[in-house]
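# Topology and contacts: notes
So you can see what is in the structure, the chains are spelled out below.
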Amino acid sequence: MNRITRFLAAAALALSLATPAMAQLGGPVTGTPTNPITTPGSADELELMKALNGGRIAGRGSIPDATSEVLIQPEGREWRDFHNKTLTWVGGIAVLGMLAILVIFYMSKGRIAIEAGPAGRTIKRFNGFERAAHWMTASSFVVLGLSGLNLTFGRFLLLPIIGPEAFTAVSLWGKIAHNYLAFPFTLGIVLLFLVWVKDNVPNARDIAWFKAGGGLLGHGHPEAARFNGGQKMVFWITVLGGALVSISGYVLIFPFVMTDIAGMQLAHIVHGVLSVLMVAAMIAHIYIGSVGMEGAFDAMGSGEVDLNWAKEHHSLWVEQEMAKARDTIGGPAGAKAAGAD
């Protein structure tokens with residue numbers, strides 16, 4: 001781009017130097033001897049003036065698509081600055097900042113253990129359909145996140161390590177995976193919303209949960225139903241953020257179908273910023289659900305969690321499940337056995 005600008009500026013300078021000489025030779029010059037050219041007299045001169053002033057430059061085309069005739073547009077420079085500078089800073093601060101916070105938290109608190117110790121008994125936490133929807137969404141998001149981060153940071157981090165040929169192959173396959181895995185990711189977002197939205201409606205209990213640090217700070221665990229305040233926050237980040245990321249991503253996958261170039265640039269800004277913020281949030285979610293907390297992974301692993309773990313983190317939900325079990329075994333309160341008076 002800089003070469004083109006320098007070339008156009010040089011051409012304009014040569015034209016301005018040649019004009020007085022043409023006037024002395026009686027050449028076809030528009031204007032007066034003191035002001036050889038007051039107004040550009042041709043389309044080429046207009047394009048040169050636009051180039052020098054940073055304006056939109058268009059050529060001529062033989063196909064119906066008018067967008068193919070646009071060579072340079074000022075908005076493109078702004079978008080390039082966002083992609084190469086702003087997004088890099090936002091993503092770097094979000095992702096590296098979250099990793100630093102988790103490292104400090106782990107070094108100071110260690111792994112959060114079950115305070116009462118494992119009970120040796122389990123309770124059903126999630127069924128097979130819920131776990132399948134979760135893992136489809138999660139696995140798609142991991143590939144989408146890695147391939148997306150490669151587009152932003154790969155040239156600085158990965159390219160010097162593996163070289164241009166391997167980096168080209170990784171980026172190409174990452175782009176293909178990114179485009180196709182967008183569909184199961186979107187489906188997973190829809191399924192998770194339909195299955196869990198009834199249990200993730202915010203309420204006053206969530207405020208108390210956050211005030212108490214969610215049981216992650218200090219001792220004691222605030223009461224919570226099936227999903228606590230932190231899990232509800234992750235749910236809405238996933239659903240709302242995932243919906244916006246998906247919509248903006250489809251605008252980019254199918255260019256010029258839903259909007260023009262300005263709309264696509266806006267979609268890319270929304271897609272990029274929300275994606276890196278979601279990556280940072282999901283890093284924390286993955287940490288808590290794996291190495292950060294004893295017994296947490298079992299919820300999405302086998303679907304069965306230790307009873308003491310459930311009582312500490314979801315005491316109200318355990319009481320509800322126990323009441324359901326008693327009603328199933330003994331029947332409703334006041335019910336009599338068949339044949340009894």
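Thresholds applied
- Residues numbered from 1 in each chain as written.
- Predicted model: local features only at pLDDT ≥ 70, side-chain atom pairs only at ≥ 80, totals over all residues.
- Heavy atoms only, no water.
- Helix = DSSP H or I, 4+ residues; strand = E, 2+ residues; numbered from the N terminus.
- Buried < 20%, exposed > 50% of the residue type's maximum accessible area, 1.4 Å probe, protein only.
- Contact = heavy atoms within 4.5 Å.
- Core = buried A, V, L, I, M, F, W, Y, C linked by side-chain atoms within 4.5 Å.
- Patch = residues over 30% accessible without salt bridge, like charges linked within 9 Å, V, L, I, M, F, W, Y side chains within 5 Å.
- Areas by Shrake-Rupley, 256 points an atom, 1.4 Å probe, with all protein chains shown as cover.
- Salt bridge = Lys/Arg side-chain N within 4 Å of Asp/Glu carboxyl O.
- Phe/Tyr/Trp six-rings, centres within 6.5 Å; stacked < 30°, edge-to-face > 60°.
- Lys NZ or Arg CZ within 6 Å of the ring centre and 35° of its normal.
- Lys, Arg positive; Asp, Glu negative; His and termini not counted.
- Polar contact = N/O pair within 3.5 Å; in protein donor to acceptor, adjacent residues only side chain to side chain.
- Axes fitted to C-alpha atoms, helices over the stretch in contact; angles between N-to-C directions.
- Parallel < 35°, antiparallel > 145°, perpendicular 65-115°, else oblique.
- Left-handed = near helix turned anticlockwise from the far one by under 90°.
- Nonpolar A, V, L, I, M, F, W, Y, C, P; charged D, E, K, R; others polar.

### A word on the overall build of the protein
- Summing up its helical and strand segments, the protein has 11 helices and four strands in all.
- Per-residue burial over the protein gives 33% buried out of 341 residues.
- Residue pairs in contact within the protein that sit at least 24 positions apart in sequence constitute 71% of those at least 6 positions apart.

### Observations regarding unusual backbone geometry
- One non-glycine residue, Phe 256, lies in the positive phi region at around 65°.
- As for its position among the elements, Phe 256 is in the loop between helix H7 (229–253) and helix H8 (261–288).
- Take Phe 256: its relative accessible area is 41%, and that puts it in the partly exposed class.

### As for the nonpolar core
- By size, the foremost hydrophobic cluster in this structure holds 36 residues, and its most contacted members are Ile 123, Phe 126, Phe 141, Trp 196, Val 305, Trp 309 and Ala 310.
- Elements with a contribution of two residues or more to this core: helix H3 (74–109), helix H4 (128–157), helix H5 (159–196), H7, H8, helix H9 (298–301), helix H10 (307–313) and helix H11 (315–330).
- What Ile 123 contacts, discounting residues up to four positions off in sequence, is Gly 303, Glu 304, Val 305, Leu 307, Ala 310, Trp 317 and Glu 321.

### Quick notes on a nonpolar patch on the surface
- A contiguous nonpolar surface patch, about 490 Å² in accessible area, is contributed by Leu 172, Trp 173, Ile 176 and Tyr 180.
- Note on placement: Tyr 180 falls in helix H5.
- Look at Tyr 180 and you get exposed, because its relative accessible area is 60%.

### Brief notes about the packing of aromatic side chains
- In this structure the tally under the stated criterion is 11 aromatic pairs.
- Among the aromatic residues, ring-to-ring pairing joins Phe 105, Tyr 106 and Tyr 287 into one connected group.
- Directly above the aromatic system of Phe 227 lies the positively charged group of Arg 125, at a separation of 5.6 Å from the ring centroid.
- The ring of Trp 317 has Arg 125 sitting right over it, with the charged end atom 4.9 Å from the ring centre.

### Notes on the side chain of Asp 306
- On the secondary structure map, Asp 306 appears in strand E4 (residues 304–306).
- It is Arg 121 that comes nearest to the buried, bridge-free Asp 306 among opposite-charge side chains, at 8.7 Å.
- Engagement of the side chain of Asp 306 in a polar contact is seen with the backbone nitrogen of Ala 119, the distance being 2.9 Å.
- Within polar-contact distance, the side chain of Asp 306 engages the backbone nitrogen of Gly 120 at 3.3 Å.
- If sequence neighbours within four positions are ignored, Asp 306 has contacts with Ile 114, Gly 117, Pro 118, Ala 119, Gly 120, Arg 121 and Thr 122.

### Observations concerning the packing of H4 against H8
- The contact between H4 and H8 brings their axes to 11 Å, and the two run at 130°. In terms of their interaxial angle, H4 and H8 are classed as oblique. As H4 runs across H8, the sense of the crossing is left-handed. In contact with His 134, Phe 141, Gly 145 and Leu 149 of H4, H8 contributes Val 276, Met 278, Val 279, Met 282 and His 285.
- Considering only residue class, the contact of H4 with H8 consists of six nonpolar, three polar and no charged.

### Some words on the pattern of salt bridges
- For the structure on display, the rule yields five salt bridges.
- With its nearest N and O atoms 3.0 Å apart, the salt bridge here joins Glu 130 to Arg 226. One end of the pair, Glu 130, is in helix H4; the other, Arg 226, is in the loop between helix H6 (204–211) and H7, with 96 residues separating them in the sequence. For the pair Glu 130 and Arg 226, a shared accessibility class is recorded, and that class is buried.
- In this structure, Asp 199 engages Lys 198 in a salt bridge whose closest nitrogen and oxygen atoms are separated by 3.8 Å.
- For Asp 199, a relative accessible area of 23% gives the class partly exposed.
- The exposed category is assigned to Lys 198, whose relative accessible area is 60%.

### Quick notes on the packing of H6 against H7
- Their axes nearest at 8 Å, the elements H6 and H7 cross at an angle of 110°. In terms of orientation, H6 and H7 fall into the roughly perpendicular class. On H7, the residues touching Asp 206, Trp 209 and Phe 210 of H6 are Gly 229, Gly 230, Lys 232 and Met 233.
- Class assignment for the residues of the contact of H6 with H7 results in three nonpolar, two polar and two charged.

### So, the side chain of Arg 131
- If you trace the backbone, Arg 131 turns up in helix H4.
- No salt bridge is formed by the buried Arg 131, whose closest oppositely charged neighbour, Glu 130, lies at an N-O distance of 6.9 Å.
- If near-sequence neighbours (up to four positions away) are discounted, Arg 131 is found in contact with Lys 124, Phe 126, Ala 299, Met 300, Gly 301, Ser 302 and Gly 303.

### Quick notes on the environment of Val 90
- Relative to the assigned elements, Val 90 resides in helix H3.
- Placed 187 residues apart in sequence, Val 90 and Leu 277 show a C-alpha to C-alpha distance of 8.4 Å.

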